[in-house]
Amino acid sequence: MRIVLSLLVTLLVIGCARVPEIDAVVAQDEAGTDYPELVSLERLFEKTTDPRIDSQSEDALAGRAATLRARAARLRRRSTE
């Protein structure tokens, strides 16, 4: 019985709490703007161009990987000293 009474009192107290208006969350400069257009995934994929990976991409990635490996090696040496 005590648990039910405590739960009832808790719910009554929560029910009396002031909840901010949902519209108050929107910034003033965004209040008059339209919602963004919803588009399907098919429409988004239609606008994609050819893959950005080309023959030069492999060389660029290999160079970047080598640079990162060298940096990691320097950091490992520094942390053990």
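Note on numbering: residues in each chain are counted from 1, in written sequence order. Where totals are concerned, whole chains, interfaces and linings use all residues; where local detail is concerned, this predicted model gives features only for residues with pLDDT of at least 70, and gives and counts side-chain atom pairs only at 80 or more. Side-chain measures here rest on the full set of heavy atoms in the structure, leaving out hydrogens and waters.

1. Structural notes on the overall build of the protein
We apply this condition: Helix and strand assignments come from DSSP, with helices taken as H or I runs of at least 4 residues and strands as E runs of at least 2, each series counted from the N terminus. Per-residue accessibility, obtained with a 1.4 Å probe over protein chains only, is compared with the maximum for each type, and a residue is labelled buried under 20%, exposed over 50%, and partly exposed between these values. Under the convention used here, a 1.4 Å probe and the Shrake-Rupley method define accessible areas, while residue burial counts only the protein chains that appear.
Counting its regular elements, the protein contains three helices and zero strands. Reading the protein from its N terminus to its C terminus gives the helix and strand order α-α-α. Taking all 81 residues of the protein together, 1% fall into the buried category. For the protein, the accessible area works out to roughly 8800 Å², and carbon and sulfur atoms hold 60% of it.

2. Some remarks on the pattern of salt bridges
Note the cut-off: By definition, a salt bridge exists where a carboxyl oxygen of Asp or Glu is found within 4 Å of a side-chain nitrogen of Lys or Arg.
Overall, the coordinates contain one salt bridge when judged by the stated rule. Residue Glu37 pairs with Arg43 through a salt bridge whose shortest N-O separation is 2.8 Å.

3. Digging into a nonpolar patch on the surface
To keep it simple, the criterion reads: Residues with no salt bridge and a relative accessible area higher than 30% make up the patches, which join like charges within 9 Å and nonpolar side chains (Val, Leu, Ile, Met, Phe, Trp, Tyr) within 5 Å.
Residues Leu5, Leu8, Val9, Leu12 and Val13 make up a contiguous nonpolar surface patch of about 480 Å² in total accessible area. In this fold, Leu12 is placed in helix α1 (residues 2-15).

4. Quick look at α1
Where we set the bar: A helix is expected to span 1.5 Å multiplied by its residue count minus one.
Its 14 residues place the ends of α1 20 Å apart at the C-alpha level, agreeing with the 20 Å of an ideal helix rising 1.5 Å per residue. Within α1, only zero of the 14 residues are buried, which leaves it mostly out in the open.

5. Digging into the confidence of the model for the protein
Rules: By definition, pLDDT measures how confident the predictor is in each residue, and it falls between 0 and 100.
Averaged over the protein, the pLDDT score is 80; the fraction of residues at 70 or greater is 75%. Mean pLDDT across the secondary structure elements of the protein bottoms out at helix α2 (residues 41-46), with 80, and peaks at helix α3 (residues 55-80), with 88.

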